[in-house]
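Secondary and tertiary structure notes
Below, each chain spelled out in residue letters.
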Amino acid sequence: MFATVGRIDHTEDSNEFANRILRDYEPSAGEQLLTALLEDAGPRENASIFAPSAPESNTALSQLDKFLGRQGELNLVARGDDLTLAPLSYYTGSVYRSSAAILPLLNEGAASARTHNARASFLAGFAVGQEIPTLLLAPKSLNPPLDYKDRMFRFGSAVELTSKIEAWIQNLQKDPSDRRVGRLRVSVEMPISTFGRYVAEEELDALSDYYVPTVQFENILSGSFSTLFLGRKGTGKSAAMEQATRVLSRETGVLTVALKPASYEIQGMLQAAESMSTSSELSYFFINLWRHLLYTEIAISAIEAVRSQPSSVEAIGQVEDLESFLVSMNVDPQADFSARMETLIERLTLGESTTINQAAIAESLKVSNLARILTLTKRILTPQSRVSVLIDNLDKAWEPDSELTDVSRFLLSLIDASRDLERKFAQSRSGEPSVTFNTTIFLRQDIFDAIRKRVAEPDKLPIETIEWRDQELLIRVLEERYLAKRRGGRSKSGDVWKELFPQEVNGLSARDYFLWRSLPRPRDLIHFANLCLSTAINRNHSLVTQDDVATAESVYSRFAVDALIVESASEGMPVQETVLNLGGLESTILASDISVIFSELSSPDDMLEWLIRTSFLGVEVGPGEFRHVEGSAEARTHMALASRFATKSGAEPRYRIHPAFRPHLQIRDDDLHDGLVTDVTLG
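Parameters at a glance
Residues numbered from 1 in each chain as written. Predicted model: local features only at pLDDT ≥ 70, side-chain atom pairs only at ≥ 80, totals over all residues. Heavy atoms only, no water. Helix = DSSP H or I, 4+ residues; strand = E, 2+ residues; numbered from the N terminus. Buried < 20%, exposed > 50% of the residue type's maximum accessible area, 1.4 Å probe, protein only. Contact = heavy atoms within 4.5 Å. Areas by Shrake-Rupley, 256 points an atom, 1.4 Å probe, with all protein chains shown as cover. Core = buried A, V, L, I, M, F, W, Y, C linked by side-chain atoms within 4.5 Å. Pairing = 2+ DSSP bridges. Axes fitted to C-alpha atoms, helices over the stretch in contact; angles between N-to-C directions. Parallel < 35°, antiparallel > 145°, perpendicular 65-115°, else oblique. Left-handed = near helix turned anticlockwise from the far one by under 90°. Nonpolar A, V, L, I, M, F, W, Y, C, P; charged D, E, K, R; others polar. Salt bridge = Lys/Arg side-chain N within 4 Å of Asp/Glu carboxyl O. Expected span 1.5 Å × (residues − 1). Arc of directions from axis to C-beta. Phe/Tyr/Trp six-rings, centres within 6.5 Å; stacked < 30°, edge-to-face > 60°. pLDDT = per-residue confidence, 0-100.

Observations concerning the overall build of the protein
Secondary structure assignment for the protein yields 27 helices and 17 strands. The buried share of the protein, taken over its 683 residues, is 52%. For the protein, long-range pairs separated by at least 24 residues make up 75% of all intrachain contacts whose partners lie at least 6 apart in sequence. Accessible surface, the protein as shown: approximately 31,100 Å² in total, 48% of it carbon and sulfur.

Remarks on the nonpolar core
Counting residues in each nonpolar core, the largest one holds 110 residues, and the members touching the most others are Phe50, Phe195, Leu500, Phe501, Phe616, Leu617 and Phe661. Looking at this core, the element that brings in the most residues is helix α21 (residues 522–538), giving nine residues. Those residues in contact with Phe50 that sit more than four places away from it in its chain are Val77, Ala78, Leu83, Tyr91, Ser94, Val95, Ser98, Ala100, Ala101, Ile102, Leu103 and Leu123.

Some details on the sheet that holds strand β9 (residues 436–444)
What links the strands of a sheet is backbone hydrogen bonding, and the strands pair in either a parallel or an antiparallel sense. Taken in spatial order, the five strands of this open sheet run β7-β8-β9-β6-β10, and their pairing is parallel. The open sheet has two edge strands, β7 (254–259) and β10 (463–465), and neither has a second partner. Averaged over neighbouring strand pairs, the angle between their axes works out to 20° when direction is ignored. Here six bridges tie β7 to strand β8 (residues 386–391), and the two strands are oriented parallel to one another. Residue pairing in the sheet places Val254 in a bridge with Arg386 of β8. Of the strands in this sheet, β6 (227–231), β9 and β10 touch helix α17 (residues 445–452), which is tilted by about 100° from β9.

Description of the environment of Phe285
With respect to the helices and strands, the residue Phe285 is situated in helix α11 (residues 279–307). Linking Phe285 and Ile361, residues 76 residues apart in sequence, is a C-alpha distance of 6.3 Å. In contact with Phe285, not counting residues within four places along its chain, are Met269, Ala272, Ala273, Met276, Leu348, Ile361 and Leu365.

Notes on the packing of helix α4 (residues 88–96) against helix α5 (residues 113–129)
Running from N to C, α4 and α5 cross one another at 40°; their axes reach a closest spacing of 10 Å. By the angle between their axes, α4 is oblique relative to α5. Judged by the twist between their axes, the crossing of α4 over α5 is right-handed. Counting all contacts with α4, which are made through Leu88, Tyr91, Thr92, Val95 and Tyr96, the residues of α5 involved are Phe122, Leu123, Phe126 and Ala127. In terms of residue class, the contact of α4 with α5 is built from eight nonpolar, one polar and no charged.

Details of the pairing of β8
Along β8, six of the six residues are buried, which leaves the element largely enclosed by surrounding structure. Neither face of β8 is left uncovered, since the one carrying Arg386, Ser388 and Leu390 and the one carrying Val387, Val389 and Ile391 both have all their residues buried. Pairing analysis gives six bridges linking β8 to β9, with the strands arranged parallel. Across the sheet, the residue bridging to Ile391 is Ile441, located in β9.

Details of the pattern of salt bridges
For the structure on display, the rule yields 27 salt bridges. The shortest N-O distance in the salt bridge between Arg521 and Glu630 comes to 3.2 Å. With Arg521 in the loop between α20 (510–517) and α21 and Glu630 in the loop between β15 (625–628) and α26 (632–649), this residue pair connects regions lying 109 residues apart in the sequence. Across the pair, Glu630 and Arg521 agree in class, each one buried. Members of the salt-bridge network, linked through shared partners, are Arg232, Arg521, Glu567 and Glu630.

Some details on the sheet that holds strand β5 (residues 152–155)
Ordered by their spatial adjacency, five strands build an open sheet running β2-β1-β3-β4-β5, and the pairing between neighbours is parallel. The two strands at the open ends of the sheet, each matched to only one other strand, are β2 (75–77) and β5. Neighbour to neighbour, the strand axes of the sheet diverge by 25° on average, direction disregarded. Alignment of strand β3 (residues 100–104) against strand β4 (residues 134–139), held across four bridges, turns out to be parallel. Its bridge partner lying in β4, Leu103 is registered against Leu136. Strand contacts of α5: β1 (48–50), β3 and β4, with the helix running at about 165° to β3, the strand carrying the most contacts.

Let's talk about the packing of helix α12 (residues 313–328) against helix α15 (residues 370–379)
Between α12 and α15, the shortest axis-to-axis distance is 9 Å and the interhelical angle comes to 155°. It follows that α12 is roughly antiparallel to α15 by the angle criterion. Viewed along their axes, α12 and α15 form a crossing whose handedness is left-handed. In this structure, α12 uses Gln318, Asp321, Leu322, Phe325 and Leu326 to contact α15, whose residues at the interface are Arg372, Ile373, Leu376, Thr377 and Arg379.

Quick notes on α12
Over its 16 residues, α12 runs 23 Å from end to end, which matches the ideal 22 Å to within 8%, given 1.5 Å per residue. Three or more residues of α12 are buried, namely Ala315, Val319, Leu322, Glu323, Phe325 and Leu326. The buried residues of α12 occupy an angular sector of 165° when the element is viewed end-on, so they sit on one face. Exposed residues on α12 whose side chains face more than 90 degrees from its buried face are Val313, Glu314, Ser324, Val327 and Ser328. Where α12 is buried, its residues touch α11 and α15. Just past α12, the residue Asn330 takes up positive phi, approximately 65°.

Concerning the environment of Ser632
By the element assignment, Ser632 lies in helix α26. It is 8.6 Å that separates the C-alpha atoms of Ser632 and Thr614, two residues lying 18 residues apart in sequence. Aside from chain neighbours lying at most four places away, what touches Ser632 is Asp449, Arg452, Glu609 and Arg613.

Quick word on unusual backbone geometry
In the Ramachandran plot, Ser615 falls in the positive-phi region, its phi being about 75° despite a non-glycine side chain. Following the sequence through the fold, Ser615 ends up in the loop between α25 (604–613) and β14 (617–622).

Here's the deal with the packing of aromatic side chains
Applying the stated criterion to the full structure yields 15 aromatic pairs. Ring geometry for Phe514 versus Phe528: centroids 4.7 Å apart, planes at 25°, classification stacked. Here Phe514, found in helix α20, pairs with Phe528, found in helix α21; they are 14 residues apart in sequence, far enough to count as distant. By relative accessible area, Phe528 is classed as buried at 0%. An aromatic cluster is present here, built from Phe195, Trp497, Phe501, Phe514, Phe528, Tyr556 and Phe559 joined pairwise through their rings.

Regarding the confidence of the model for the protein
Scored by pLDDT, the protein has a mean of 81; 83% of the residues are at 70 or more. The lowest-confidence element of the protein is helix α2 (residues 27–37), averaging 57 in pLDDT; the highest-confidence one is helix α27 (residues 662–665), averaging 95. Taken as a whole, residues 1–6 scores under 50 in pLDDT and shows three contacts with residues more than four places along the chain or in a different chain. Within the model, pLDDT remains below 50 along residues 174–188, and this stretch shows 33 contacts once partners closer than five positions in the same chain are excluded.

Here it is, written out as structure tokens:
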């Protein structure tokens, strides 16, 4: 990271030395570094604290996370992120727009200490350089470095830590000025200054202005069935949930219940399950845990819906009956979701001396009371009501070394509980209307691929996969953002490809080049476009040039490779070394060359399949026709097609490295203008 730092010998006085530095200084490298570091930077936000998590938490840091989460007036940036999920520019941009920064360090004996502490220290130095109030946190056993000593608080207990943070936050400057540095002070009047954040849910206020619905999104709105909503990172799962929640909440007769448990809440539920001694007890625990959460959260949402509008005396009485019953179960309808989750987890954490059996589980989760909750809830719903539950953040339960059987059972029990509620809501009894019910569970594709191996009949699971196979639909994501953020207001006449980008890049139209170079996901397309735009602005260009694109695609390619490596951790695949071994090769690789490169791997076939189902490698299914796919099912299908084509043609199977990864791996685009080669990406 600091390889460019060097030494200059001098004998002159300070003024002469300073003049020599200024005379010899070449700003290009610094400008490129600044462009990369602040690509994601936005205006300074009041009451916004950069507060990432530590990869190895302890009681004090867990309590701190809960404390910060309860500070409703604060916007916590990077909460739940342990500084491994995104590129450096994302974190420096997040720091830059924050009003303050809190960074935890690990004890030197922790497994991740060396890497995490280096990253946290670098970001702390960056924050200090931007004159952002910064506090480093460390256990008392960690000796503070001299240069950070005055900005570090060493804690011994959770109470000591939270007390310090509470006092520190109260003393922060409430309204910091919006500062900019160096080359960001430019006056270029381009049509837009940014396409917005590629993490769409971080721009919730603007999401409706440019959201592009897909068929899968429309299926969520229709509510015709419960489903697993799958997608790779960056395909728009969380954005789909946020937008669906907004749209459904405005529809008459639809009770919308959105649940996004925090990572520590999900880990608390899984830790509570560790006391179960048998598989049957674990299954009983998980399904009734989900039934308890679904029944009570639906009931509370129904209460809030009735109280938000004029209601009859009878309806108010029914609401009060339901509220009283929930309180009798130790469920507080007035508390927020996090507080209710915390109370439930505390109740589930039984002492070691307690006998764990189905009776004890039933008592903790008040299983016998759930039917009564359903009855009271249905009474305050109208006959034409529909209940739509949307659940996200379940990937927080996933860790590379997780016990897959337990995590699989945890997630699949939610599906079983949802089906149970769907049947019960559909039943019509005296005084209880029949109510349409559906659940949409948002889950990462790579996690589902690992789980499905442990499912008896995975093909029977209700699945919707968010895909961007239609390039016209994908490119609309960028075009709609341009129209929404264009200076002078939204205009149907605005054409991003004429007003912002060059007519062509490397012989292709800019539009086609962007689709060819980036992975078919909104995240990647937006990030690549933002890199091009910020590079042009920092170079004082009035239009993005081909050179701007060339610089930006190198940064984007590093982002794509890093994201691939992070994703591989969920399945324990040794991807980093394998991918780097492919660097410098041609873009098209023979199967025999793959075999040599993978020869030292313990499972070369698994590695090959993984690289194919993550779009890194495309397979040749016809003469010069390479297809990049996503998902294990698509990978197996196209590997079979490729094998049949190779047998029929009498040629060796060939693979193609996706253009997104090539610049960082120093792989030539030798196929860009080869008329005999066609790349088809099935995202």
